[in-house]
Amino acid sequence: MGLGPMMSSLMRSKTGPLLVALQIAVTLAIVINSLYIVVQRVERINRDPGLDVDNVIIAYVRGFGENFDVVDSITNDIILIKSIPGVVAATVSDHVPLSGSGSGTGLRTVPDETIEPVSTGYYRWGEEGLDALGIELSRGRNFFPEEVNYILPASDPPTPPSVLVTQNLADDLFGEEDALGKTVYWGNMEPSTIVGIIGHLHGSWVTWDKLAHVVIQPGKPANTTNKYIIRVEPGMRDGLMPIIEQKLGESNRQRVVKSVRSLEEMAARSYRRDRGMAIILSIVISLLIGLTALVIVGLSSFHVTQRTKQIGIRRALGARRGDIINEFLLENWLITTVGAVLGIILTAFVAYWLEVSFELTRLDWRYLPAGIVILWVLSTLAAIEPARRAASVSPAVATRSG
Amino acid sequence: MFNYNLKLSLKSMRRNPIMTGLMVAAIAVGIGISMTTLTVYYMMNGNPIPEKSDVLFAVTLDNWNPIRPFDDDRPERAPHQVTFHDAERLLAIGKGKRQTAMFESSLIIEPIDDEGLPFEAGARVTSADFFVMFNVPFIYGSGWDKSADAAAEPMVVLTKGLNERLFGGEDSVGNWLTMQGTRFLVTGVIDTWEPTPRFFDPINGGFQEINEMFIPYSLTRVLELTSAGSDWGWKSEEINSFEEWLNSEAVWVQYFVELESTRERDDYLVHLDAYVEEQKRLGRFERPLNNNIYDVMEWMDYHEVVANDAKILLGLSFLFLVVCLLSTIALMLTKFVGKKSEISLRRALGASRKVIFNQQIVEVAVIGFSGGLIGLSLAALGLQGIEYLYDAPAGLVKLDWVMMFTAIGIAIVSSMIAGLYPAWRVCQIPPAAQLKTQ
Amino acid sequence: MLSMHNIAKVYRTESIETHALREFSLFVDEGEFVSVTGPSGSGKTTFLNIAGLLEESTVGIYELDGRDVSSLNDRDRSRLRNEKIGFIFQSFNLIPDLNLFENVDVPLRYRRLSSGDRKQRVERALESVGLASRMKHLPEQLSGGQQQRVAIARALVGEPRLLLADEPTGNLDSAMADQVMKFLEQIHADGTTIVMVTHDPDLANRAERNIHLIDGRVSGEELVHSQEEVSQTVGFNGDQPLAAKI
Ligand SMILES: Nc1ncnc2c1ncn2[C@@H]1O[C@H](COP(=O)(O)OP(=O)(O)OP(=O)(O)O)[C@@H](O)[C@H]1O
Ligand SMILES: [Mg+2]
């Protein structure tokens, strides 16, 4: 069975099939580009942050009143928190990774202001900081307790001799060389020695391209608002959060407990734009695919009804059921293919628009064949039932209906 | 005739419930999605203060690192905030018609009676002109006097919500609040005020709720208030006291000025340049002169308040609408072809082309209108979903009248366009066709 | 060629059973021209449908070309239909969105033929009905008689051995009907077996044998005239009384 009569039939009513082909083309362009964005966002959300997101609790407290002593308060709070059964480790920190709020600075390998520094996120926390976040140190050592001092607001603390850096930062600072034991210089050209290297860790701003650049100074920041990072035994987090909130609240009336939240929730909040976009686009993709499939089903069914007589005649003239099914599927396949070809062009345009206007990464070309295959399968699935119905038209229709 | 057409179209729609359902669904989904994204875009892209957006200006001064611009990607730009002390001095000079400096902070409010608990509330630390400049509506009282700015008097303006929480919504003007050991006099309570985007502080988020209270800028020194927003610095300065922090080169204050004419604007730029020249003589501002003012909409553009994602979604969803329209055209065309014999019979019985055309168009409009209505409810649903997904303040994005009319309009117009060609095709069917082909 | 033995066809709908054919037996020889008459609803079309493998009988044995076809599957039935049987319908049944060439081409499409071969055959068939010049026209651009001639061309293009016609002249005026009839006679003269349903006794009498149906049964058979006479008449004048030679 060639393309002959069916093609002529198609060509003669070209507007209808052309519209469907166009629809398929635009569908392809939207689906492929959206899918690409969704996959990228999901990949981003699922990146390994290098810490134990599931079992970390963050508490924010803030003192007020004239007799409030922030250093006392922090010391007592840490003791109190660690006395709660289920708590593994706790520290005070100036910022919390993944939270969206943090500090940034620039480091250099030589004390020369004219050299472009390497940007990085930076934190100050105590000797239990790594443990409190579940971060693994790949080489070197953690801070010694005696290196960790309170840092009062509006004071200029001495530059600490020891710092920890992430491998990613170390690579961008020293390239091939081993960074352990090397000296880095801060903005004020004061030196610090790298005493430990963290295999992998994400900083505060999840949209920043240097998210994996982190440097950590030893210190217990005694700011207006104190942030406690607390790691608990697996599974105990949700039970412990209200207990921590209550105990902190009762222990010192000169202070408010602003909030006690899970790091998981905070990270989810930081990623909410990516998640939102992924969800919206997934809905768009599903609706679009559903709509296009339904339209194909609807049009094919309608065609079957319209062509009942014609199908009957063909059957009377010797067409087998398989011939009729093939005719329908082939027609459908042709339209889909024309649509797919137009669709590739359109997809490229949309991808170009996204790349140029929004600096999205270039579309991975492998999405094209994938999208086309999906469309083929989809349109065939959508047309198969109507085609079956067409094949079940009795050849006697030719003689029976006027 | 219209009634007859309406009846015919309803009949025709009932005869093919699946096709009709598909058409309505296609339009509804298309309108639903595109209206959702359009509303979000419209909200983000909106003018938060249309009556004054071209007379309010954000001020930037370039006090940055002599060897490196503030933004490597946009070296022509000065830092987007100013230092505390520059803002203080510019306020004191008061060259513009009105001016205000501000930053975000937060304070602990101590309980009024013995039962309550202390709690933290967000504050915008700003100066007296803020309320007049930005047309802030008041329920009770007003903003504080300029004299309060000068004397650093502890005064506070509350939002409706905070006044509700503290004073049960009553007129609290003249009452006192204790915050961090200092007694503040309530001078006013503002009404619901939701400029969207929050144009005066896009740096710390254009779509947040506004701060819960307002206190004078001059209190910063007295109460050692720190910024809860972002601060940026480039210079290694030794800072051993709060005073030294306030006098540092770190930028964390937003500065706005109101200027009415082009002349005033030019004068103001001259004034800024003169100020910077003077500072240069003191060894500050080592970069070339680069002072700018941006009106509200320029300032929104500067901060790219409209998220890229919103633009991408808008673009993709309009392509989606195109798909929906193509579906509708294809479905209508097919359906009309199916009506060929009926139409040619009608023609044979004396219906003119025009009558037939009108009949189709009425059918199309009915489908478009139903699709538009359903689409509107879908859009309302979609907006709630977006608020939920993005954790936006409730009611931030809503379908206003403009949007509703736009939606119905787009639905009807686009389905008309979709129906025009099929209807025209139908009219071309000759009256004799019925009699000749079987 | 065609042999039916004790065929019955029952149509069942929710409420009633219609016995369209009962205890129906018939034998048609190779090369015969048989006409079928009978009142409306007597089962003529049903008989033709079963004979043409468009429908299956409820009971009974049907042999086509000596082969029992009652139990064949759709595939084989379709092939037989395509290769051995040609149809002419009362309402022409041309496919409206195909032009004449394509309409005639339809049966050939279901055979494995080269496109050159198909083209040649289609053109020949259209020529034989005198419509070769209008190959590119659509059916709606033709008169009823012309349309029926296209339908005849389509029935013949596959060179069937059995031609089934259901009131081929029912929609035509008498002059047209006569023209169509002459075609059939010509085809018959070329050796094709023809079974034709008609209401018109004059036309029925132009066949060799007439079968009369009443209530789904053969109620009478009549030998009309011998084959030689027909081939003579075609050459001369269609108006010559055909039943004269009995
Ligand atoms: N599909 C069907 N379902 C039910 N009954 C049917 C069906 N097809 C035919 N019949 C019935 O079978 C009987 C024979 O029908 P058939 O079409 O063979 O008659 P006919 O002799 O061709 O009549 P006419 O000269 O009017 O064409 C009729 O009573 C008819 O109502
Ligand atoms: Mg009949």
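Only a predicted model underlies this, so the values are computations on that prediction, with no experimental measurement involved.

Asks: Help me understand the overall build of chain C in this model?
Replies: In terms of helices and strands, chain C carries 8 helices and 10 strands. Computed over C-alpha atoms, the radius of gyration of chain C comes to 18 Å, within 12% of the 18 Å expected from 2.2 N^0.38 for 246 residues, which places it in the range of a compact globule. Taken along its principal axes, the extent of the C-alpha atoms in chain C is 50 × 45 × 35 Å. When each of the 246 residues of chain C is scored for burial, the buried share is 55%. Across chain C, contacts joining residues at least 24 apart in sequence account for 67% of those joining residues at least 6 apart.

Asks: Before we go on, may I ask you to explain the site of ligand 1 in this structure?
Replies: Around ligand 1 sit 14 residues in total, of which R400(A), S40(C), K44(C), T45(C) and T46(C) are the nearest. More than one chain approaches ligand 1, the contributing ones being chains A and C. Contacts to ligand 1 include H199(C), whose side-chain N or O atom sits 3.5 Å from an oxygen atom. About the coverage of ligand 1: the protein hides 67% of its 630 Å² of free accessible area. At the level of elements, β2 (17-28) and α1 (44-51) of chain C are the ones that each hand at least two residues to the shell around ligand 1. Ranked by the residues each element gives to the shell around ligand 1, the list is headed by α1(C), at 3 residues.

Asks: I keep staring at the interface of chain B and chain A and nothing clicks. Help me out?
Replies: Interface extent is often summarised as the accessible area lost during association of the parts. The interface is formed by 57 residues belonging to chain B together with 58 residues belonging to chain A. Taking both partners together, chain B and chain A bury about 4600 Å²; carbon and sulfur atoms supply 71% of that area. One salt bridge connects E120(B) with K258(A), and the closest N-O pair in it is separated by 3.0 Å. Our count for the chain B to chain A interface comes out at 12 residue pairs in polar contact (both at pLDDT 80 or more). Mapped onto the side of chain B that touches chain A, the elements with two or more residues apiece are α2 (17-44), β3 (98-109), β4 (119-126), α11 (308-338), α13 (353-390) and α14 (401-427) of chain B. Of the residues assigned to the side of chain B that touches chain A, the class counts are 32 nonpolar, 14 polar and 11 charged.

Asks: How should I be thinking about the confidence of the model for chain C in this particular structure?
Replies: Atomic detail in the predicted coordinates should be set aside for any region of low pLDDT. Residue and element names in this part refer to chain C. Put simply, chain C has an average pLDDT of 83, and 91% of its residues get 70 or more. Predicted confidence is poor over residues 227-246, with pLDDT under 50, and the contacts of this stretch with residues over four places away or in other chains come to 22 contacts. Complex prediction metrics read pTM 0.81 and ipTM 0.85.

Asks: Whenever I open this one, the packing of helix α3 (residues 70-83) of chain A against helix α6 (residues 237-251) of chain A confuses me. Can you help?
Replies: Packed helices, taken two at a time, are described by their axes: the angle between them and the distance between them. All names here are of chain A. For the pair α3 and α6, interaxial distance at closest approach is 10 Å and the crossing angle is 140°. Taken as a pair, α3 and α6 cross one another with a handedness that is right-handed. Contact residues: α3 offers D77, L80 and I81, while α6 offers K247, L248 and S251. Across the contact of α3 with α6, the residue classes tally to 3 nonpolar, 1 polar and 2 charged.

Asks: Help me understand the sheet that holds strand β8 (residues 193-197) of chain C, please; the structure alone is not making it clear to me.
Replies: Strand pairing in a sheet relies on backbone hydrogen bonds. The paired strands run either parallel or antiparallel. Residues and elements named next belong to chain C. Taking strand neighbours across the sheet as the criterion, the 6 strands line up as β6-β7-β8-β3-β9-β10 in an open arrangement whose pairing is mixed. Each of the sheet's edge strands pairs with one partner strand only, and the pair in question is β6 (85-88) and β10 (217-223). With direction set aside, neighbouring strand axes in the sheet form an average angle of 20°. Bridge count between strand β9 (residues 209-214) and β10: 6 bridges; the pairing is antiparallel. Bridge pairing in β10 places H212 opposite G220. Seen against the sheet, helix α6 (residues 174-189) touches β3 (33-37), β6, β7 (162-166) and β8 and runs at an angle of roughly 155° to β8.

Asks: Explain the side chain of H271(B) here, please?
Replies: Tracing the backbone shows H271(B) in helix α9 (residues 262-281). In this view, H271(B) contacts L90(B), I93(B) and K95(B); residues no more than four positions away in its chain are not counted.

Asks: In this structure, what is going on with the domain arrangement of chain B? I would like to understand it.
Replies: Residue and element names in this part refer to chain B. Segmentation of chain B into domains returns domain 1 (2-47 + 307-436) and domain 2 (62-290). For domain 1 versus domain 2, the separation of C-alpha centres amounts to 50 Å. Across the boundary between the two partners, domain 1 contributes 7 residues, which contact 6 residues of domain 2. Where domain 1 abuts domain 2, roughly 500 Å² becomes buried across the two surfaces, and 65% of that area is made up of carbon and sulfur atoms. On the domain 1 side of the contact with domain 2, M44, P393 and L396 bury the most area, a combined 64% of that side's loss. The tally of links between domain 1 and domain 2 comes to 0 residue pairs in polar contact (both at pLDDT 80 or more).

Asks: Explain the environment of I215(B) here, please?
Replies: Residue and element names in this part refer to chain B. Its location among the elements puts I215 in strand β9 (residues 213-216). On the accessibility criterion, I215 (0% relative accessible area) is buried. Separated by 200 residues in the primary sequence, I215 and R15 have C-alpha atoms spaced 68 Å apart. Setting aside residues no more than four positions away along its own chain, I215 makes contact with L107, R124, V125, T126, W144, M155, V156, M179, F184 and L225.

Asks: Is there a simple way to explain the packing of aromatic side chains in this structure?
Replies: Ring pairs (aromatic) are described by centroid distance and by the angle formed between their planes. As enumerated under the stated definition, the model contains 35 aromatic pairs over all chains in all. When the centroid spacing of 5.4 Å and the interplanar angle of 80° are considered together, the rings of F130(B) and F200(B) count as edge-to-face. Residue F130(B) is located in helix α4 (residues 129-133), and its partner F200(B) is located in the loop between β8 (182-190) and β9; the two are separated by 70 residues in the primary sequence. Since its relative accessible area comes to 1%, F200(B) is described here as buried. Summarising the aromatic geometry, the rings of W193(B) and F200(B) are spaced 5.5 Å apart at their centres and angled 5° between planes, so their arrangement reads as stacked. Grouped by ring-pair contacts, the aromatic residues F130(B), F131(B), F134(B), F138(B), W144(B), W193(B), F199(B), F200(B), F214(B) and F256(B) constitute a single cluster. Lying across the ring of F119(B), R165(B) places its NZ or CZ 3.5 Å from the centre. Above the plane of the ring of F101(C) lies K136(C), whose end atom (NZ or CZ) is 6.0 Å from the centre.

Asks: What's the story with the pairing of β3(B) in this structure? I'm lost.
Replies: Remember that side chains alternate between the two faces of the sheet whenever the strand is regular. Residues and elements named next belong to chain B. Here β3 lies mainly inside the structure; 11 of its 12 residues are buried. Bridging between β3 and strand β10 (residues 251-258) involves 5 bridges; their strand directions are antiparallel. Its bridge partner lying in β10, R98 is registered against E258. Here β3 runs beside β4; their pairing, made up of 8 bridges, is antiparallel. Within β4, the residue paired with S105 across the bridge is A123.

Asks: What exactly am I supposed to notice about a negative patch on the surface here?
Replies: Residues D156(A), E190(A), E238(B) and E244(B) make up a contiguous surface patch of negative charge. Checked against the element boundaries, E190(A) lands in the loop between β8 (183-185) and β9 (191-198).

Asks: How should α1(C) be read in this particular structure?
Replies: Because each turn of an α-helix spans 3.6 residues, side chains separated by three or four positions in sequence point in the same direction. Residue and element names in this part refer to chain C. The element α1 is extensively covered by neighbouring structure, given that 8 of its 8 residues are classed as buried. Here α1 has its buried residues at K44, T45, T46, F47, L48, N49, I50 and A51. Note on α1: the residue one or two positions beyond its end, L53, has a positive phi of about 65°.

Asks: Is there a simple way to explain the environment of V61(A) in this structure?
Replies: Residue placement: V61(A) occurs in strand β1 (residues 56-63). Residues in contact with V61(A), not counting those within four places in the same chain, are D77(A), T224(A), T225(A), N226(A), Y228(A), L248(A), R255(A), V256(A), V257(A) and K258(A).

Asks: Would you take a moment to explain the pattern of salt bridges for this structure?
Replies: Opposite charge on two side chains makes pairing possible when the charged atoms of those side chains draw close. Applying the stated rule across the entire model yields 56 salt bridges over all chains. Taking the shortest distance from any N to any O, the salt bridge between R314(A) and E327(A) comes out at 3.6 Å. Placement of R314(A) in helix α9 (residues 308-316) and of E327(A) in helix α10 (residues 321-358) is noted, with a sequence separation of 13 residues between them. Relative accessible area serves as the criterion here: at 3%, R314(A) is assigned to the buried category. For E355(A), the salt bridge identified is with R362(A), shortest N-O distance 3.1 Å. Note on E355(A): relative accessible area 23%, which makes it partly exposed. A relative accessible area of 60% means that R362(A) is categorised as exposed. Look at the salt bridges and you will find they share partners, linking K52(B), K97(B), R98(B), E258(B) and E260(B) into a network.

Asks: Help me out: how do you make sense of the sheet that holds strand β1 (residues 2-12) of chain C in this one?
Replies: Residues and elements named next belong to chain C. The sheet built from 4 strands is open, its strands ordered β2-β1-β4-β5 with antiparallel pairing. At either end of the open sheet lies a strand with only one pairing partner, and these are β2 and β5 (67-68). Sheet topology places β1 next to β2; 8 bridges connect them, and they run antiparallel. Of the residues in β2, the one forming a bridge with L2 is V28. Sheet strands in contact with α1 are β1, β2 and β4 (59-64), and its direction is about 120° off that of β1.

Reading the values: the criteria
Residues numbered from 1 in each chain as written. Chains lettered and ligands numbered in written order. Predicted model: local features only at pLDDT ≥ 70, side-chain atom pairs only at ≥ 80, totals over all residues. Heavy atoms only, no water. Helix = DSSP H or I, 4+ residues; strand = E, 2+ residues; numbered from the N terminus. Rg over C-alpha atoms; globule rule 2.2 N^0.38 Å. Buried < 20%, exposed > 50% of the residue type's maximum accessible area, 1.4 Å probe, protein only. Contact = heavy atoms within 4.5 Å. Near = heavy atom within 4 Å. Polar contact = N/O pair within 3.5 Å; in protein donor to acceptor, adjacent residues only side chain to side chain. Areas by Shrake-Rupley, 256 points an atom, 1.4 Å probe, with all protein chains shown as cover. Buried area = accessible area lost by both parts, 1.4 Å probe. Salt bridge = Lys/Arg side-chain N within 4 Å of Asp/Glu carboxyl O. Nonpolar A, V, L, I, M, F, W, Y, C, P; charged D, E, K, R; others polar. pLDDT = per-residue confidence, 0-100. Axes fitted to C-alpha atoms, helices over the stretch in contact; angles between N-to-C directions. Left-handed = near helix turned anticlockwise from the far one by under 90°. Pairing = 2+ DSSP bridges. Domains from an automatic or database assignment. Phe/Tyr/Trp six-rings, centres within 6.5 Å; stacked < 30°, edge-to-face > 60°. Lys NZ or Arg CZ within 6 Å of the ring centre and 35° of its normal. Patch = residues over 30% accessible without salt bridge, like charges linked within 9 Å, V, L, I, M, F, W, Y side chains within 5 Å. Lys, Arg positive; Asp, Glu negative; His and termini not counted. Charge placed at Lys NZ, Arg CZ, Asp CG, Glu CD.

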